[in-house]
Amino acid sequence: MSQRMQSAVRYFFLLFFSLSSLLAHVAVAQQNSQSHPWMNTQLSPDERASQVIKQMTLDEKIQLLHGTGMVGLSPMSPLAIHSNGGAGYVPGIPRLGIPALQMSDAAYGVRVSGENGRYSTALPSDVAGAATWDLEGAYAYGALIGRELRAQGYNMGLGGGVNLTREPRNGRTFEYMGEDPILAGKMVAAAINGLQAQHVIGDIKHYALNDQESGRNAVNVNINKRAARESDLLAFEIGVQESNVGAVMCSYNRVNGDYACENKYLLTDLLKNDWKFNGFVLTDWGGAHSTEKASAAGLDHEQPGWIFYGEEMKKAVLAGKVPKAQLDDHVHRILRTMFATGIVDHPVQKSVVDVEGGLDIARRLEEQAIVLLKNDHQQLPLDAAKLRSIAVIGPHADVGMISGGGSAQVDPPVGNAILPPGKGQTRWLEPIWFPTSPLKSIRAKAAGATVEFDSGADPEKAASLAKRADVAIVFAYQWESEDMDLPTLSLPENQDSLISKVAAANPHTVVVLETGGPVTMPWAGQVSAILEAWFAGSKGSDAVANVVFGDVNPSAKLPLTFPLSDADLPHPQIVKPPRTSMPDNTKPEVWKQIAAGLPPFQLTYDEGVKVGYKWYDAENKPVLFPFGHGLSYTTYAYSDLKIESGKTPRVSFTLKNAGDRTGAEVAEVYASLPAAASEPPKRLVGWSKVKLNPGESKEVTLEIEPKYLSIFNVEQNGWQLIPGEYTFMVGGSSQSLPLKQTARIE
Ligand code: BGC
């Protein structure tokens, strides 16, 4: 057969198969739309859900209200065998075309990928994402996770952590978006939008005020309503309202007396009624404590098992203790979310993860997330051509960079970088180092220089290496994980003394921090440059090297304050649970004890709305590095502030790149409210990330959402703009605000 003939035949078969598969699809769709009218995509998600509910038996309804178990946290159902290996599994209802829910933790990438023989990109930690202050970047962050979830066979991701950094020693600070409710809320919404655009259900967690890990299953958080609405709850409000998120995970703790997962004020009054959330509320794993009370309060779904929402729910429904309409509302919310996010119309199909594409995104996001905290005498960027020797110092900086632990943990493809290959399966509360080697990345940049490594285990030895080198780069870390809080903001493992000794030996000392949040730096005055690289993800070391050697101009800003000491925090000591409030982990069925409710202990957030910079401002406490701070290799000039007051005030100003490098500046807008509002001195009300060539100027205009200028009026149960004089301040950090103007707003 001639080549032309061959290709004609091939073309014919291709056409034939495509046509017949198209016809088969049409036939199935026709059949579906006759027997399953809810498969008609022209109908709204609510109509579709209502139609399905009419066909469901009581058992089928109950089946959607809970998971199939997790070892150690609940009983196990034989159905769990069909789980895809993630944290949660809810069987589908094939006769009605309703898919199973396959849920995986996915804070900075898909969890337990290695254990399941799969692969996932580790993005820089969520707090690093927040440090970009880039909504498009946050969208890309969520989209990548959504794609990798689908590729692995999941249709629901459990990321979306947005608890405020009220307590920076919280072991999950790296999983959240910093201390400001507006920044955190907008960033989490953008990430969820990116994720859900991949036809994956997203969730926002842990609702609410789960701001420390210590005693999380027992603690009762006391906070007044106004402070809560203007701080932690505002982050959730913005996150929910700007994203159409499919699910909200209620947290382990109690809030003002009731467990969050049976707290009517949180779940129904606020989330479902005020904020018009039409997705479903699921518990944190083992966060349910009742059937009737929780159901009436607005809890829709229990995970990971069915202590309260299985047999117990059925009995309660049959006895009329849980009204049928309430049961149907729970089911409706789950089904409507499935239709709205497209997981019914676009069933998950496993596929190969785009490894290279993922690594590229991870590197670019990290480059945008690295904060240049200090840069005396333009120590950075380093000029590789002029350096003869570089000392790379710090624990494991030859092989890897640290990552965040707990249920957020993404496991590296070849295991923990500090263990022999294949020996590094992730284990609870064990730090995992990602195989992204600072030493290798620096060597690749400075091919003409001698680059030597010292772990810093012996600070004297490290200092003597530093002394011989043109420049010393110290990689310092502070590991964080769920299920623990940090005892202090100080660096562990004697690293403060290591850095001091190296800095004393070499005046050109650069410190790169791998931390999930702020740390104290008694040596800050001794070193010439400091970079905050966070938990840097799969491509962390290349991103750091690109910033250190100037291929990338840093543009990130701190989403949280670095205080001078633990003593300056609103609570100098973390409030720890008494022994009586701790579960007995030696018991195999400890989950029963947790479900029954542990005796509460009290934690009072008397700093109220004064979270992060609002606290330091109000208390006149100096800080090490302020919220919103971050340097660049160029400089920016701010001028010509204009305020147009009105219902939605407009703030405009001119921003100029006054240096000789292209860069992107996060221009921040803060407001002081009239004295009658009784608020902390200022709050962030908007920002814009602006890219500028050397010498270029741009006029920036921001419309300020009236809610961001309001207070929460408890009596009126609503946001209230207090008429009066508002001062707007604009600049590159919460403590560098060169433009200032007052306007009257009615
Ligand atoms: C965590 C959640 C997580 C869940 C499932 C809990 O321990 O608090 O964030 O989604 O486990 O793994």
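Because the structure is predicted, anything quoted here is derived from the model rather than measured. (Residues numbered from 1 in each chain as written. Predicted model: local features only at pLDDT ≥ 70, side-chain atom pairs only at ≥ 80, totals over all residues. Heavy atoms only, no water.)

**Student:** I would appreciate a short explanation of the state of the cysteines in the present structure.
**Tutor:** By definition, a disulfide is the covalent link that joins the sulfur atoms of two cysteine residues. For the coordinates displayed, the defined rule picks out 1 disulfide. Between the sulfur of Cys250 and that of Cys261 lies a disulfide, 2.1 Å long from S to S. Handedness here is read from the sign of the S-S torsion; for Cys250 and Cys261, about 110°, the answer is right-handed. You can see Cys250 sitting in strand β6 (residues 247-250) and its partner Cys261 sitting in the loop between β8 (258-259) and α9 (264-274), a full 11 residues away along the chain. Here Cys250 matches Cys261 in class, with each residue buried. (Disulfide = S-S within 2.5 Å. Helix = DSSP H or I, 4+ residues; strand = E, 2+ residues; numbered from the N terminus. Buried < 20%, exposed > 50% of the residue type's maximum accessible area, 1.4 Å probe, protein only.)

**Student:** Looking at this structure, I do not really get the packing of helix α15 (residues 459-468) against helix α16 (residues 495-505). What am I missing?
**Tutor:** Between two packed helices, the angle of one axis relative to the other and the distance separating the axes together describe the packing. Contact pair α15 / α16: the axes reach a minimum separation of 8 Å and the direction vectors enclose 30°. Judged by the inter-axis angle, α15 sits roughly parallel to α16. The element α15 and its partner α16 pack so that their crossing is right-handed. Contact residues: Pro459, Glu460, Ala462, Ala463, Ala466 and Lys467 in α15; Ser497, Leu498, Lys501, Val502 and Ala505 in α16. When grouped by side-chain class, the residues that make up the contact of α15 with α16 number 7 nonpolar, 1 polar and 3 charged. (Axes fitted to C-alpha atoms, helices over the stretch in contact; angles between N-to-C directions. Parallel < 35°, antiparallel > 145°, perpendicular 65-115°, else oblique. Left-handed = near helix turned anticlockwise from the far one by under 90°. Contact = heavy atoms within 4.5 Å. Nonpolar A, V, L, I, M, F, W, Y, C, P; charged D, E, K, R; others polar.)

**Student:** Explanation requested: helix α17 (residues 540-548) in the structure shown.
**Tutor:** It helps to recall that an α-helix has 3.6 residues per turn; residues three or four apart then point in one direction. Counting buried positions over the 9 residues of α17 gives 8, a clear majority of the element. Every buried residue of α17 is listed here: Gly540, Ser541, Ala543, Val544, Ala545, Asn546, Val547 and Val548. Next to the buried residues of α17 lie α13 (355-369), β12 (401-402), α14 (438-445), β15 (471-478), β16 (509-515) and β17 (529-532). Remark: Gly550 follows α17 within two positions and exhibits a positive phi of approximately 85°.

**Student:** Is there a simple way to explain the pattern of salt bridges in this structure?
**Tutor:** One side chain can pair with another of opposite charge once the charged atoms of both are near each other. Applying the stated rule across the entire model yields 52 salt bridges. When the shortest N-O distance is used, the salt bridge between Glu242 and Lys186 registers 3.2 Å. A residue pair is termed long-range when its members are at least 10 positions apart, and Glu242 in the loop between α8 (232-241) and β6 and Lys186 in helix α6 (residues 181-196) qualify at 56 residues. The class of Glu242 is partly exposed, set by a relative accessible area of 35%. (Salt bridge = Lys/Arg side-chain N within 4 Å of Asp/Glu carboxyl O.)

**Student:** Just checking my understanding: could you explain empty space enclosed by the protein for this structure?
**Tutor:** With the rule as written, the count across this model stands at 6 cavities of 30 Å³ or more. Mapped onto the lining of the largest cavity, the elements with two or more residues apiece are α5 (135-151), β3 (156-158) and α6. Ranked by residue count, the leading element in the lining of the largest cavity is α6, at 4 residues. Of all the elements in the fold, those that place two or more residues in the lining of the second largest cavity are α6 and β22 (683-692). When the residues that make up the lining of the second largest cavity are grouped by side-chain class, the tally is 7 nonpolar, 1 polar and 5 charged. (1 Å grid on protein atoms, 1.4 Å probe; cavity = no way out; pocket = protein on both sides within 12 Å on 5 of 7 lines; lining within 4 Å. Points joined across faces, edges and corners; volume = space filled by probe spheres on them.)

**Student:** Explain the site of the ligand to me, please; I cannot follow it from the model alone.
**Tutor:** With respect to spatial proximity, 13 residues lie near the ligand, and among them Asp105, Arg172, His206, Asp284 and Glu482 are the closest. Between an oxygen atom of the ligand and a side-chain N or O atom of Glu482, the distance comes to 2.5 Å. (Near = heavy atom within 4 Å. Polar contact = N/O pair within 3.5 Å; in protein donor to acceptor, adjacent residues only side chain to side chain.)

**Student:** I keep staring at α15 and nothing clicks. Help me out?
**Tutor:** Restricting attention to buried positions, one finds in α15 the residues Pro459, Ala462, Ala463, Leu465 and Ala466. Down the axis of α15, the sector holding all buried residues measures 160°, keeping them to one side. Pointing more than 90 degrees away from the buried face of α15 are the exposed residues Lys467 and Arg468. On its buried face, α15 is in contact with β11 (389-393), β14 (450-454), β15 and α16. Capping the start of α15 is the job of one residue whose side-chain oxygen sits 3.0 Å from the backbone nitrogen of Glu460: Asp458. (Arc of directions from axis to C-beta.)

**Student:** What exactly am I supposed to notice about the pairing of β16 here?
**Tutor:** Look at any regular strand and the pattern is simple: side chains alternate between the two faces of the sheet. The element β16 is extensively covered by neighbouring structure, given that 7 of its 7 residues are classed as buried. The two faces of β16 match: Thr509, Val511, Leu513 and Thr515 on one face and Val510, Val512 and Glu514 on the other face are all buried. Bridge count between β15 and β16: 7 bridges; the pairing is parallel. Across the sheet, the residue bridging to Phe475 is Val512, located in β16. Note that the unit made of β15, α16 and β16 has a crossover that is right-handed. Here 4 bridges tie β16 to β17, and the two strands are oriented parallel to one another. Each bridged residue has a counterpart across the sheet, and for Leu513 the counterpart in β17 is Glu532. (Pairing = 2+ DSSP bridges. Right-handed = clockwise from strand over helix to strand, strands pointing away.)

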